Structures are given as C-alpha cells and as structure tokens.
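Overview (structure and organization)
Read off the chains here:
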Amino acid sequence: MNGDVAVRAEGLVKRFGGHAAVRGIDLAVPMGSIFGILGPNGAGKTTTLRMLLGIIDPDEGRRCILGHDAPLDAAADVGYLPEERGLYPGMTPREAIAFMGALRGLPLAEGRRRASAMLAEHGLPEDRPIRTLSKGMAQLVQLLGTMVHKPKLIVLDEPFSGLDAINQEKLEALIRAEAANGATILFSTHVIAHAERLCERIVVIASGKVRFEGTADEARTRFPSRVRLSTRQADGAWRTKLPADAMLQDGVWQFELPEDGIEPLLEALIAADAGIETLAIEPPSLHDAFVAIVREAGDDPA
Amino acid sequence: MTRLFRSAMVIARRDYVATVWSKTFLIFLLAPVLPLLLAGLMSVFSGGGNKDRHRANDGIALMTDARTATALTGARKRLAERLGPVIPPLTPTHVPAYGQPRLSGTLDEPRLEASRDALDDLAGPIALIVDEARLDRAVGHRPPAVRLQTISTAAPSTVPDHEDVARGGQTALFFLTILLAGMMISNMAEEKSNKVIELLAAAVPIDAIFFGKLLAILGASLTGVVAWASMGLVAALTLLSPGSIVPPAVGWPIFVLLGLVYFITVFLLWGAIYLGIGAQAGSAREAQTLSMPLTLGEAVAFLLASAQVTHPGNTIGLVAAVIPWSSPFAMIGRAATSAALWPHLLAILWQLLIILLTIRVGSALFRTNILKSGPASATSGKWRIFGRKRRD
C-alpha cells in the first residue's frame with residue numbers, strides 16, 4: 001500500500017446475521033489530510049471505522065492503517081473517539097487522560113504531565129470525578145485523551161454529536177490544530193456543515209457502499225447549479241419559456257441551470273416580456289449534493 | 001507477547017485500583033470480621049461466666065460450727081489429694097465475700113448457697129465432701145486409695161483431625177471463589193454500561209483486556225486474602241490454645257504455600273469462565289442469572305472434592321483430583337491429609353495446562369460477544385481458540 005496514504009480500505013464487507021451492514025467499501029485517506037466520512041444514519045459509517053481500527057474484523061476485504069495490515073500494530077500512533085462516549089465515572093480527568101495514553105503506550109507519568117497541561121489549557125478541572133462534569137466537559141476530556149499520545153492518525157466517530165455550538169467550535173479548532181501539526185484526521189458525521197468547513201476530502205457512504213469520493217467542490221460540481229428568478233408578475237405567457245422542473249416557492253422561481261447555459265433562457269424571457277427583477281445562479285451546497293447522492297443510492301437522507 | 005502483557009498490566013492496574021479503592025471492597029474486606037466480632041462477643045460473655053466460676057474456685061465460705069468445719073476440711077483434704085482441683089477449697093469464715101458461695105448447716109443437713117452457675121458446678125464436689133465426712137464420722141474408715149494411671153485412647157492415625165484442616169482449606173477456597181466470581185461478573189457488566197469497552201478494544205488486543213481484568217481481580221482478591229489471613233492469624237492466636245489444631249500432613253508452611261497456589265489456580269480456572277460469561281451479559285441482572293449455573297457447577301466441584309478428604313484412595317477422590325475444576329479443592333484437602341508432595345506438582349502442572357486452555361476459551365467468548373461483532377466471528381472464533389488469531 002502507498003506510503004502517502006494513512007488509511008486504505010479495499011472491498012470491506014461486514015455482515016451481521018443476514019444483514020450486510022457494509023457492502024464493499026473502498027477508500028484512501030491521504031496522509032496529513034482532514035477526511036470526512038458522510039452518510040445518513042445506518043449507512044455503515046461506524047462499522048467501517050470499527051473495521052478500519054481492528055475493533056471488529058471484516059468478513060471480506062483488506063485494510064491498512066499507517067502502513068500496517070494489522071490495525072493494532074499501529075495502535076500507538078492512532079487516537080480514537082468512539083461514537084458511544086465512555087469514561088470511568090469515578091476517575092479524575094487527569095487520570096482518565098493518562099490512562100487513555102497508557103493504553104496507547106504512553107508512560108503514565110508522562111501522560112499525567114501532559115494531561116495537566118491540556119486540562120489547564122482548556123480550563124477543565126484536573127481532580128474532580130468525571131461523574132461530576134457536564135456532558136460537554138466529559139466529551140472534551142475524552143477527546144483530549146484521544147490526542148494525549150500525539151497520534152499520527154486521529155479517528156473521530158460523530159465527534160460533534162451532543163455538543164453545543166461553543167463546544168463544536170472548540171472541537172473544530174482542535175481538529176484544525178492537530179491537522180496543522182501533521183496529524184491525519186478521519187471523522188464521520190451526518191452533519192454536513194462540519195464536513196464542508198473542515199474536510200479536504202470526503203466520502204459519502206449510503207447503504208453500506210461508497211457513493212462518492214473526492215473534494216467537497218467535486219461533490220458539488222457533480223450536480224447542476226440552481227437558478228432563482230423573480231419577476232414583476234408571477235404569471236404570464238413567458239412562463240412557457242421556463243424549464244419543466246421550475247417551481248414557484250415564496251414568489252421565486254427555482255430550477256436547475258439548463259445544460260446550454262442561462263443566456264438562451266434569459267433572451268427568451270426578455271423577449272416574452274417577463275419583467276425580470278432578480279436572477280441568481282447558485283452552485284449546489286454540499287448539503288444539496290449529499291442529499292442528491294444519498295437519494296441516488298435509494299437511501300433516506302434523514 | 002510483550003505488548004499483550006504491557007497492555008494487560010495497564011488494564012489490570014486501572015481495574016485493581018478502582019476495585020480496591022471502592023466502598024464495596026472495604027465491605028468485602030470486612031466481611032469476615034463480623035463472625036470474628038461475634039466470636040469475640042461470645043468469648044466476652046462466656047468469659048463473664050468463667051469469672052463467676054473462678055470466684056467459686058477461690059473457695060467456699062465455710063460457715064458451720066467448729067466440729068463440722070474440722071470434719072469437712074479434713075474430708076476435703078483427703079478428697080483433694082485423690083481427685084485434684086475439682087474439689088473446691090473450703091475457707092472457714094464468719095464474713096463471706098460478696099457473691100462467694102457459702103456452705104452452712106451440719107453434716108446431716110448441709111446447706112449450699114451460690115449463684116445458679118456455681119451451684120451446678122459445686123453441688124457434686126460438695127456432696128462428695130459431705131459423704132466423705134459422714135463416712136469418716138460413722139466408721140472412721142478410709143477408702144483405699146486407688147492408684148490412677150492414664151492410658152492413651154487416641155486412634156493410631158490422626159486422620160479425623162487432619163480432616164478438619166482439609167475441610168477448612170476446601171471451604172475457604174470455595175467461598176473465596178464464589179465471592180470473587182460475583183465481583184468479576186458485576187465488573188464486566190459495569191464495563192459494558194460505561195461504554196469504555198470500545199475504547200479499550202480499539203487500543204489493545206481483546207486478549208489483553210480479558211487477561212488484564214482477570215489479573216486485576218486476582219490481585220484484589222489476594223489483597224483480601226492477605227488481610228483476612230492476618231485477621232485469621234490474630235483470631236487463631238487469641239481464641240485457640242496451642243496444639244488445639246492438628247497441623248496438616250505437609251506442615252503449615254507448605255500447606256499455606258499450596259493453599260495460595262491452589263487459590264490462584266482455582267480462581268483462574270473459574271474466573272476465566274465467569275469473565276467470558278460476564279461478557280455475554282448486558283446488565284447486572286443478566287449477569288447474575290448467567291452466573292447461577294456456574295455457581296452450581298462450582299458447588300458440585302466442591303462436593304466432589306470433599307470425597308477426596310473422606311476417601312482419598314477411592315475412585316471419586318481420584319476423579320475429583322483429576323477434573324481440573326475440582327482439582328484445586330481436592331488437592332488442598334490432600335495436602336492436609338497426606339504428606340506426599342509429588343501429586344501436588346503433577347496437579348499444579350495439569351491445572352496450569354487447563355488454565356491456558358480455559359483462558360483461550362474465555363477470551364474467545366469474551367471477544368465474540370463483548371462488542372456484538374456478529375455471528376461470523378462467533379463461528380470462526382470456535383476454531384481460533386487453539387491458535388493465534390490475527391486481527392487483520
């Protein structure tokens with residue numbers, strides 16, 4: 001497998017009973033990138049991440065993490081935040097972070113030293129039992145534990161879920177900082193805005209398969225831009241010139257940009273005296289692209 | 001292997017500290033104190049009775065006329081020469097101490113006053129003294145002194161006494177493992193409810209999680225054993241007189257050492273199964289239900305091992321020593337009744353072999369179900385028990 005690739009999966013398949021949760025996933029996460037796995041609920045994101053990390057074994061396919069075919073061989077260089085957050089409630093944040101580092105091979109004393117510094121930096125208490133912390137604080141403690149051993153690859157499963165806007169912003173800043181330090185970040189989400197702001201590359205998974213891989217821009221350009229048009233009069237003979245998919249919403253006509261461009265349509269509308277007030281051509285958002293990709297796959301994007 | 005051991009130690013250390021520094025463990029540790037406390041209280045109360053008797057033995061206030069007093073003290077002296085301290089001293093006095101038993105009246109109508117306990121003890125000896133005095137008055141006859149000599153009534157073998165030690169050792173092992181099994185299973189259920197298990201599974205091999213947890217509970221239990229043994233030693237030194245327990249056939253030092261080894265083996269043999277089963281449970285209640293058949297199985301092994309004590313040479317005794325899950329119980333019993341050491345070496349090697357296999361099976365069960373990783377792993381895991389399974 002290529003040395004410039006931090007994580008590679010080839011044809012990963014996982015079945016639970018008779019149900020195939022993942023049906024042949026291929027992906028390549030470039031070293032040092034922020035890479036997003038997008039998909040609706042139940043698409044197979046968590047199962048894919050668990051297979052990549054060696055928590056469960058695939059029924060078919062191969063995986064390679066930081067050059068190791070056996071994921072646990074790379075454990076010292078990997079940090080993982082599971083979707084289901086879990087910490088020992090009786091532990092203090094300092095001990096919890098040091099313990100998570102120790103699991104990845106960081107000596108406890110060094111882990112405690114780094115934990116103290118990290119907690120102070122984020123204004124978190126060191127010696128209060130975790131059960132007394134708020135959910136957001138506990139989540140931040142676990143995230144710090146994921147990073148305490150300075151991993152080369154950080155895998156985050158739905159890292160933003162359950163966080164308020166302030167903590168989401170903090171987390172985005174943390175992810176950017178780790179990426180700036182050279183770490184590869186792989187995270188899953190079904191909230192498109194985070195992926196749009198953070199990711200250099202994304203894959204969209206639906207029904208256990210990769211439906212798109214590339215940059216957010218590439219995802220958007222797969223689909224035509226939208227035209228938003230308002231006129232002096234809502235109706236008239238000029239309406240026949242509009243494309244068949246045009247729909248009136250709140251007094252504004254919306255439709256896909258025609259394949260031959262906007263100019264022929266504009267000329268026809270002007271000739272028909274449509275009385276154009278505003279015209280906007282909007283490229284599709286990643287959200288639009290995501291919804292379209294998932295719909296193409298036959299999944300409900302909810 | 002180094003990584004497996006290092007990872008197991010990280011988990012064992014966390015679990016050990018969390019277990020030992022908990023209120024539950026303190027209660028667990030103090031559990032044997034309650035019976036000791038009860039024994040102490042009983043000793044204090046029975047000590048009160050002894051004090052009363054002691055007062056009786058100090059002497060009986062003899063409050064009779066001078067001639068009767070002379071006859072009684074003379075009779076008492078003759079009897080004491082033959083029967084020893086069971087004959088209480090008589091002290092002629094007009095002013096008895098408070099609570100002191102009193103003998104008054106005449107030889108024909110003697111009167112004894114004392115507390116109820118003292119009366120029970122003194123009635124017989126005083127009757128003897130009065131009879132001796134009456135006989136002396138009537139015929140001046142002294143019964144011929146019977147020459148006394150003791151003979152040994154003990155059986156040539158001390159097996160019954162050794163049996164007590166054997167049964168004590170077996171019972172201690174049995175109850176310890178039962179107590180710890182509960183701790184093990186609830187620990188596993190708690191781990192699942194904390195949702196930490198995925199975090200662990202992503203960082204270290206599942207075998208290391210399994211082995212770490214086993215080591216942690218073993219460490220915690222050895223801490224308990226050391227504490228209890230210290231308390232037991234203090235209690236034994238306080239409550240038992242020297243020589244009241246016959247030493248085991250192999251001697252106390254080797255018996256204690258073997259007890260420790262068999263405790264570790266029985267713990268690993270049963271603990272690995274309990275932990276594997278605990279991983280199947282989703283809640284503490286489920287864990288309790290799942291542990292019931294195992295507890296019954298352990299009780300059967302214990303009963304089977306009891307046969308080793310009463311019938312060390314027969315088939316049941318041999319079977320109990322050979323079946324790995326009853327072998328530690330049977331062999332600790334054997335250590336008390338037989339001095340031969342080579343069977344222990346064989347048994348320990350045999351038990352270690354089965355421990356390795358049990359840990360593999362327990363670990364496979366644990367791995368299959370701890371993250372509900374699906375039936376594919378379950379079927380393949382069956383065959384991977386006997387070989388190294390690569391997680392790639």
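Attention here is on the structure that accompanies the text. (Residues numbered from 1 in each chain as written. Chains lettered and ligands numbered in written order. Predicted model: local features only at pLDDT ≥ 70, side-chain atom pairs only at ≥ 80, totals over all residues. Heavy atoms only, no water.)

Here we look at the overall build of chain B
A tally of regular secondary structure across chain B gives 14 helices and 4 strands. Each of the 392 residues in chain B was classed as buried or not, and the buried ones make up 41%. Expressed as a percentage of contacts within chain B between residues at least 6 apart in sequence, the contacts between residues at least 24 apart total 79%. When the accessible area of chain B is evaluated, it comes to approximately 21,100 Å², of which 68% is carbon and sulfur surface. (Helix = DSSP H or I, 4+ residues; strand = E, 2+ residues; numbered from the N terminus. Buried < 20%, exposed > 50% of the residue type's maximum accessible area, 1.4 Å probe, protein only. Contact = heavy atoms within 4.5 Å. Areas by Shrake-Rupley, 256 points an atom, 1.4 Å probe, with all protein chains shown as cover.)

Focus on the side chain of Ser116(A)
Residue and element names in this part refer to chain A. Tracing the sequence through the fold places Ser 116 in helix H3 (residues 108–121). Side-chain polar atoms of Ser 116 contact the side chain of Glu 126, separated by 3.2 Å. In this view, Ser 116 contacts Arg 94 and Glu 126; residues no more than four positions away in its chain are not counted. (Polar contact = N/O pair within 3.5 Å; in protein donor to acceptor, adjacent residues only side chain to side chain.)

Structural notes on the pairing of strand E1 (residues 60–63) of chain B
Consecutive side chains of a regular strand alternate in pointing toward one face of the sheet and then the other. All names here are of chain B. Where E1 and strand E2 (residues 90–92) come together, 3 bridges link them in parallel fashion. The partner of Ala 61 across the bridge, within E2, is Thr 91. Handedness of the E1-helix H4 (residues 66–83)-E2 crossover: right-handed. Relative to strand E3 (residues 102–105), E1 is paired through 3 bridges, and the arrangement is parallel. Of the residues in E3, the one forming a bridge with Ala 61 is Arg 102. (Pairing = 2+ DSSP bridges. Right-handed = clockwise from strand over helix to strand, strands pointing away.)

Looking at the nonpolar core
Among the nonpolar cores identified, the biggest contains 153 residues, and Val7(A), Ile185(A), Leu186(A), Ile202(A), Ile209(B) and Leu214(B) are the most heavily contacted of them. Sorting elements by how many residues they give to this core places helix H9 (residues 252–278) of chain B first, with 13 residues. Not counting chain neighbours up to four residues away, the residues in contact with Ile202(A) comprise Phe35(A), Gly36(A), Leu38(A), Ala195(A), Phe212(A), Glu213(A), Gly214(A), Thr215(A), Ala216(A), Ala219(A) and Leu286(A). Among the nonpolar cores identified, the runner-up in size contains 17 residues, and Ile60(B), Leu62(B), Leu79(B) and Val130(B) belong to it. (Core = buried A, V, L, I, M, F, W, Y, C linked by side-chain atoms within 4.5 Å.)

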